[in-house]
Amino acid sequence: IKQHLSSGAFQEIHSNALLKILELCLQNTGNSLQEIEQLLIEDHKAVEAITQVKNSCSVLQKLFPQSSSVVFDISLVRGMGYYTGHIFEVELPE
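Residues numbered from 1 in each chain as written. Predicted model: local features only at pLDDT ≥ 70, side-chain atom pairs only at ≥ 80, totals over all residues. Heavy atoms only, no water.

**Let's talk about the overall build of the protein chain**
Inference 1: Each helix and strand counted, the protein chain has 4 helices and 0 strands in total.
Inference 2: Ordering the α and β elements of the protein chain from the N terminus gives α-α-α-α.
Inference 3: Accessible area of the protein chain: about 7,900 Å², with a carbon and sulfur share of 56%. (Helix = DSSP H or I, 4+ residues; strand = E, 2+ residues; numbered from the N terminus. Areas by Shrake-Rupley, 256 points an atom, 1.4 Å probe, with all protein chains shown as cover.)

In structure tokens:
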């Protein structure tokens, strides 16, 4: 990933931020959205997108309080070309 980011497709500041975001998500602390929001606090579009994801998580937790968790997982995105908003995946117990 570092090699691709340093190939010139991204500015260094964006590459560093993306690597930090991936690191936060892999750590799976449960606070990754808040940490990412703080990392990108000056990017208003990024903060708006994070707020939308946080709102969606909040609504899901209210609708399904008995579920064990709502998890933010950046690995669901495999390519950015066709997404127009955030995506989600649902797992139901057997």
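**A short note on helix H4 (residues 44-63)**
Inference 1: Between its first and last C-alpha atoms H4 spans 28 Å; for 20 residues at 1.5 Å apiece the expected length is 28 Å, and the two agree.
Inference 2: Within the span of H4, buried status applies to Ala46, Val47, Ile50, Val53 and Cys57. When H4 is viewed along its axis, its buried side chains cluster within an angular range of 125° and face the same direction. Exposed and facing more than 90 degrees away from the buried side of H4 are His44, Lys45, Lys62 and Leu63. (Expected span 1.5 Å × (residues − 1). Buried < 20%, exposed > 50% of the residue type's maximum accessible area, 1.4 Å probe, protein only. Arc of directions from axis to C-beta.)

**A word on the nonpolar core**
Inference 1: Listed in full, the 11 residues of the largest apolar core are Ala17, Ile21, Leu24, Cys25, Leu33, Ile36, Leu40, Ala46, Ile50, Val53 and Cys57.
Inference 2: Of all elements in the fold, only helix H2 (12-27), helix H3 (32-39) and H4 reach the threshold of two or more residues within this core.
Inference 3: The residues contacting Ile50, other than those within four sequence positions of it, are Leu33, Ile36, Glu37 and Leu40. (Core = buried A, V, L, I, M, F, W, Y, C linked by side-chain atoms within 4.5 Å. Contact = heavy atoms within 4.5 Å.)

**A closer look at a nonpolar patch on the surface**
Inference 1: On the surface, Val59, Leu60, Leu63 and Phe64 cluster together to form a nonpolar patch covering roughly 370 Å² of accessible area.
Inference 2: A residue is classified by how much of its surface remains accessible, and Phe64, at 43% relative accessible area, is partly exposed. (Patch = residues over 30% accessible without salt bridge, like charges linked within 9 Å, V, L, I, M, F, W, Y side chains within 5 Å. Salt bridge = Lys/Arg side-chain N within 4 Å of Asp/Glu carboxyl O.)

**Comments concerning the pattern of salt bridges**
Inference 1: Per the stated rule, a full pass over the model turns up 1 salt bridge.
Inference 2: In this structure, the salt-bridge partner of Glu37 is Lys54, at a minimum N-O distance of 2.8 Å. Placement of Glu37 in helix H3 and of Lys54 in helix H4 is noted, with a sequence separation of 17 residues between them.

**Regarding the confidence of the model for the protein chain**
Inference 1: Summary statistics for the protein chain give a mean pLDDT of 76 and a share of 79% for residues scoring 70 or more.
Inference 2: No element of the protein chain has a lower mean pLDDT than helix H1 (residues 2-9), which averages 69, and none a higher one than H4, which averages 85. (pLDDT = per-residue confidence, 0-100.)

**Thoughts on H3**
Inference 1: Residues of H3 that are buried: Ser32, Leu33, Ile36 and Glu37. The arc that holds the buried residues of H3, viewed along the axis, is 135°, so those residues lie on one side.

**Describing the environment of Glu89**
Inference 1: Here Glu89 lies in the segment after H4.
Inference 2: Once the C-alpha coordinates of Glu89 and Asp73 are considered, the two residues, 16 residues apart in sequence, prove to be 9.4 Å apart.

**Points about the environment of Asn31**
Inference 1: For Asn31, the position within the fold is in the loop between H2 and H3.
Inference 2: By relative accessible area, which is 41% here, Asn31 ends up partly exposed.
Inference 3: With 41 residues separating them in the primary sequence, Asn31 and Phe72 have C-alpha atoms 9.3 Å apart.

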